[in-house]
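Here is how the chains run, residue by residue.
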Amino acid sequence: MDARDLVRSVRAAASAQGVRAARSAWRRRRTDAVGLPRQRGERARAPGEAVEAAGGPGGGEVRFARSVLRVRVTVTGAVFLGWDGAGPEPSYALAAGCPPADPRAELEPDKDGGWRVVSERMLVAVSRHGAVEVRTPGGVLLRRDRPPRWWEGEAGRPGPDAVADGAGARWLQRSELPPDARFFGLGGRDGGPRLRDGAHRLWNAPPGDGTAPSVTMPVLLSVADAGTLLVFHDNPWDGTVALREGVEGLGSGHDRPGRCEVRMSGGPLRYWVVAGAPSRVLHGWAALTGAPALPPRWALGHQHAEEGSARDRSARARGGPDVPGLLDRYRRHRLPLRALHTARTEGTPGPPRRAAGSPGPGAALAEPADVFEGAGSAEGSGGSERPGVSGVFEGVEGVEGSEGAKGVEGFDEVDGVDEVDGVDGWGVRFVAVVGPGVPAGVRGAAGAVYGSGSAADAFVRDARGLEVRGAARSGEVVWPDFTDPRVRKWWGGLYAEQLYGGGSGDGQGAGWEAVAHDGNEPAAHSVLGGPALPSSARHALEGRGGDHREAHNVYALTMAKAGDAAQRELLPERRPFLFSRSGWAGIQRYGGVWSEHPGQGWGALRATLSAVTGLGLCGVPYAGPDITVPGAGAVAGGAGRADDGAAGELYLRWFQMAAYMPLFRTRTGADGHGEPWRFGARVLAQARAALAERERLLPYLLTLAQLAERTGAPYVRPVWWQHPRDRALRDCQDAFLLGDALLVAPVLEPGVRERTVRLPSGRWYDTATGAAYDGPRTVRVPAPLDRIPVLARAGAAVPVRGAGGGTELEVWPPAPGRTGNGLVIRDPGPGWERPAAERFTVHRTAEGGAVVERDGGGAVGYPVRVRGG
């Protein structure tokens, strides 16, 4: 127990909740003491010398004295390497199994008794002692893996206890990289975007745990002058990745290479390698693990999450969230809101009931109609009227249209949801925030879920066959085993009964538009620290069998898989999309991820930038923060109120930065405030301006979403994205690109009113002042409190929302002698239509302006507005 756990224990000791948590922690440790194999002596093993090699599809096998290495080049350009005969399947990360082998790649002899495989994008050389080198086609080194090491039981390989437990041996792989290489990725880390030297744990942990983020992935991107390399260790076991950047000898020849050390507590030693330009690497990664899900139009607007049982009137009476009042305040303050996430009560099982009087196999959340019972008029009186869409969003700045929000696309209609359910009347989508924990031993709807799951043998059990129970704020909970296809089907049945109208397929039931998975690391209340489930808890793992050490990191991924399958079955005409707090490699197939950074003050802004950029480089393009500020006391280190200046500035700068990120969500809960009006009139007005700019950029965000689904390119990109050889850009950690057209330079420190920005090559325009700057160089730009610096690339044609509500092209003139380009991909709606990409070329005129031509000829088809120049 460390100091953090001790403080947590003292705070909770006197409460009933603390007693339950302590009992749960004691039970978990007792279960592991019985269910896990005893630690015994271990013996180290190395591959030894190469004995022979055999060719195969896309490569072959190299047999060593004490191991076997498989090498396989696929048609996507990715290369698979597996030690001890490990194959690419089974894998939770791969979207459709292993891609076909490239028939052109062959295993051939190399110098000094080694072997090599030559592919179109890289050369893989294997030494006779088991070292593996990855080089460019020209022979430049990208990575060198030393012979791995395994530690296994003395009785044999991999040890009697490990074999019985399905663990395999723990292992270590050390690697060397070019001295100029910089590291990125490993999930949603908060210490980047460039990863710091030190150990990074691979274990999904709830926010505030301090050991690891909620989304960890063994996906490491190294960027050097020689090229960009992505390495994915396909192993969900607990492990660490230790990094140390290299140092160049400045001409002396004494370079110190960069170093990477991967340690895993079990599981196979197998990994994938993808090389090339950054865009090509992410395209190859998406081809391997699946294309990112395409978010609906409303998911690219402002969203808000409200903690507590937002549907429970008794909770509101105790000071809980008042949803009608909240929506009315958004209306009165003229703030556009596209979705409201009603946060779960701890221990609430999944989807809400279909109807208040119909328990079904259901959950504890009430239907949306209960939100409006007694909500009254716009002023909150006791009448039965609800404000219409025009009332909620009338007068929103930057929004045109005679009926307020009727002029904002996406606010005036909700496809497939009856107005009786309270969605159309407000113009806001409702997102049900649900968790995997099912209350055990309770009555009512939640008890029906537990009874149904017990009858289906759906819950995780320990090695003795007993249900594993953990502590939640509302009591004890059990967890479904989402690694079992039967359980995923059962969980999908809950969606049918409670989320989408009893499986009618018309979406006319409870009125929920989407689902957000919370607490799915999985997390539980604990006063002693540690995971929610015992390490020895048993999981099906698609019929292979195993324990929680292997299943923990993929738990959220398999839960998302269950939700995605349910949505596809219930609403086949609509694209499914899920929000998740946790995940693993491949989570992008089902939706997006939000990150929480509680109690970090100004550090939360850097953590947000780091997490969103890192997730994008790991193939999860739709990500964003939960914006919530605890008040001036937590910001400045003393007592204060939420509307104090320090908290207001922090909130505003966070809000302004998040307005340029894919997921733009505020949150209000016990640990802080997220509504703009909490921080005074000035912050409110400036937040309103940021929301108006977000709405204006919606066509551009929709285009980036389509581009991410087709190519894997993230919306938020590091500034080195198009110039990975620019070392100054590789070291830049305080700015990002939104697509290729915009460079966003957020303010990350208090009191800053101007800041320096490192520009990539080319000409850039300040979108506020029109001033032009030529890169690559560092410039100083104004950053007043009402905005953050945003620069547009010269020659860009950015699709934006015009004054009349339609799409127009905002064009920034190219530099002399240059041309530019633009791309528009229209919103396909909620269905499966795949709209064509419209491409444009921008030319500079003799007067310094710009003209736009549609590629392939024909009329441009959009109004053009030239800025800058």
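Reading the values: rules and limits
- Residues numbered from 1 in each chain as written.
- Predicted model: local features only at pLDDT ≥ 70, side-chain atom pairs only at ≥ 80, totals over all residues.
- Heavy atoms only, no water.
- Helix = DSSP H or I, 4+ residues; strand = E, 2+ residues; numbered from the N terminus.
- Buried < 20%, exposed > 50% of the residue type's maximum accessible area, 1.4 Å probe, protein only.
- Contact = heavy atoms within 4.5 Å.
- Pairing = 2+ DSSP bridges.
- Axes fitted to C-alpha atoms, helices over the stretch in contact; angles between N-to-C directions.
- Salt bridge = Lys/Arg side-chain N within 4 Å of Asp/Glu carboxyl O.
- Polar contact = N/O pair within 3.5 Å; in protein donor to acceptor, adjacent residues only side chain to side chain.
- Parallel < 35°, antiparallel > 145°, perpendicular 65-115°, else oblique.
- Nonpolar A, V, L, I, M, F, W, Y, C, P; charged D, E, K, R; others polar.
- Phe/Tyr/Trp six-rings, centres within 6.5 Å; stacked < 30°, edge-to-face > 60°.
- Lys NZ or Arg CZ within 6 Å of the ring centre and 35° of its normal.
- pLDDT = per-residue confidence, 0-100.
- Expected span 1.5 Å × (residues − 1).
- Core = buried A, V, L, I, M, F, W, Y, C linked by side-chain atoms within 4.5 Å.

A separate point is the overall build of the chain. Across its full length, the chain holds 17 helices and 44 strands. Considering the chain as a whole, with its 869 residues, one finds that 60% of them fall into the buried category. By sequence separation, contacts in the chain at least 24 residues apart represent 68% of the contacts at least 6 residues apart.

Turning our attention to the sheet that holds strand β33 (residues 716-717). Strand pairing in a sheet relies on backbone hydrogen bonds, with the paired strands running either antiparallel or parallel. Pairing is antiparallel across the open sheet formed by six strands, whose spatial order is β33-β34-β35-β38-β36-β37. Each edge of the sheet is formed by a strand with only one pairing partner; in this case those strands are β33 and β37 (772-782). Sheet topology note: the strand β36 (residues 754-766)/β37 ladder contains ten bridges and is antiparallel. When the bridges of β37 are listed, Arg755 appears paired with Val781. Contacts from helix α16 (residues 698-711) reach β33, β34 (736-738) and β35 (742-744), with the element oriented near 95° to β34.

Attention now moves to the pairing of strand β42 (residues 838-844). One ladder, built from six bridges, connects strand β41 (residues 819-824) with β42; its direction is antiparallel. Paired with Gly820 across the strands is Val842, a residue of β42. Two elements, β42 and strand β43 (residues 850-854), share five bridges in a ladder whose sense is antiparallel. Opposite Phe840, over in β43, you have Arg854 as the bridge partner. The antiparallel pairing of β42 with β43 creates a hairpin that spans five residues between the two strands, and Gly848 there sits at a positive phi of about 90°.

Pairing between side chains of opposite charge can happen when the charged atoms of each approach one another. Under the counting rule described, the total for this entry stands at 64 salt bridges. With a shortest N-O distance of 3.8 Å, Glu749 and Arg606 are connected by a salt bridge. Here Arg606 lies in helix α12 (residues 603-617) and Glu749 lies in the loop between β35 and β36, a separation of 143 residues in the sequence. Exposure remark for Arg606: the relative accessible area of 36% places this residue in the partly exposed category. Residues joined by salt bridges that share partners form a network here, namely Glu693, Arg696, Glu808, Glu810, Arg865 and Arg867.

Below, the discussion takes up the side chain of Arg549. Tracing the chain through its elements places Arg549 in helix α10 (residues 548-551). On the basis of relative accessibility, which here comes to 18%, the residue Arg549 falls in the buried class. Of note is the side chain of Arg549, whose polar atom sits 2.7 Å from the side chain of Asp547.

With that out of the way, let us pick up the environment of Ala659. Tracing the sequence through the fold places Ala659 in the loop between α14 (645-658) and β32 (664-668). The spacing of Ala659 and Glu693 is 34 residues in sequence and 8.0 Å in space, taken between C-alpha atoms.

This part covers the packing of helix α15 (residues 681-696) against α16. At a closest axis distance of 5 Å, the pairing of α15 and α16 adopts a crossing angle of 55°. With respect to α16, the axis of α15 lies oblique. Facing Arg694, Glu695 and Arg696 of α15, the residues of α16 in contact are Leu698, Pro699 and Leu701. Of the residues that constitute the contact of α15 with α16, the class distribution is three nonpolar, no polar and three charged.

Turning our attention to the packing of aromatic side chains. For the structure on display, the rule yields 22 aromatic pairs. Summarising the aromatic geometry, the rings of Phe577 and Tyr622 are spaced 5.1 Å apart at their centres and angled 90° between planes, so their arrangement reads as edge-to-face. You can see Phe577 sitting in the loop between α11 (555-570) and β29 (578-580) and its partner Tyr622 sitting in the loop between α12 and β31 (623-627), a full 45 residues away along the chain. For the pair Phe577 and Tyr622, one class covers both residues: buried. Each member of the aromatic cluster is reached from another via a ring pair, and the members are Tyr450, Phe459, Phe482, Trp490, Trp491, Tyr495 and Tyr555. Over the aromatic face of Trp150 sits the side chain of Arg45, whose NZ or CZ is 4.3 Å from the ring centroid. Just above the ring of Trp594 sits the side chain of Arg665; from NZ or CZ to the centre is 4.4 Å.

Now for the confidence of the model for the chain. Taken residue by residue, the chain gives an average pLDDT of 82. The fraction at 70 or more is 78%. Every residue in residues 309-320 is under pLDDT 50, and counting partners more than four places away or in other chains gives 28 contacts.

Looking now at α11. Since one α-helical turn is 3.6 residues long, residues separated by three or four positions face the same way. Relative to the 22 Å expected for 16 residues at 1.5 Å per residue, α11 spans 23 Å between its end C-alpha atoms, a close match to the ideal helical length. Every buried residue belonging to α11 is among Tyr555, Ala556, Leu557, Thr558, Met559, Ala560, Ala562, Gly563, Asp564, Ala566, Gln567 and Leu570, and all of these are buried.

Here we have eight strands rolled up into a closed barrel, ordered β20-β21-β22-β26-β29-β30-β31-β32, and parallel in their pairing. Going across the sheet, the axis of each strand differs from the next one's by a mean of 25°, ignoring polarity. Both strand β30 (residues 591-595) and β31 contribute to a ladder of three bridges, which runs parallel. Across the sheet, residue Ser595 finds its bridge partner in β31, namely Pro625. On top of the sheet, α11 reaches β26 (514-517) and β29; it is set at about 165° to β29, its chief contact. In the packing of α12 onto the sheet, contacts are made with β30 and β31, and the angle to β31 comes to roughly 155°.

As a further point, take the nonpolar core. Counting residues in each nonpolar core, the largest one holds 164 residues, and the members touching the most others are Phe232, Phe579, Tyr660, Leu738 and Leu743. Top element by residues in this core is α14. It accounts for eight residues. With near-sequence residues (within four places) excluded, Leu738 lies in contact with Tyr660, Tyr700, Leu701, Leu704, Tyr715 and Val744. Membership of the second largest hydrophobic core comes to 39 residues, among which are Val71, Val79, Val124 and Val126.

The subject of this paragraph is the packing of α12 against α14. Running from N to C, α12 and α14 cross one another at 10°; their axes reach a closest spacing of 10 Å. Relative to α14, the element α12 lies roughly parallel. In this structure, α12 uses Ala604, Leu605, Thr608 and Leu609 to contact α14, whose residues at the interface are Leu650, Arg653, Trp654 and Met657. In the contact of α12 with α14, the residues fall into six nonpolar, one polar and one charged.

Here strand β4 (residues 68-73) shows a buried face lined by Leu69, Val71 and Val73 and an unburied face lined by Val68, Arg70 and Arg72. For strand β3 (residues 59-64) and β4, the ladder comprises five bridges, and the chain directions are antiparallel. What sits directly across from Gly59, in β4, is Arg72. Both β4 and strand β5 (residues 79-83) contribute to a ladder of five bridges, which runs antiparallel. Directly across from Val73, in β5, lies its bridge partner Val79. Between β4 and the antiparallel strand that follows it, β5, lie five residues; Gly77 among them carries a positive phi value of about 100°.

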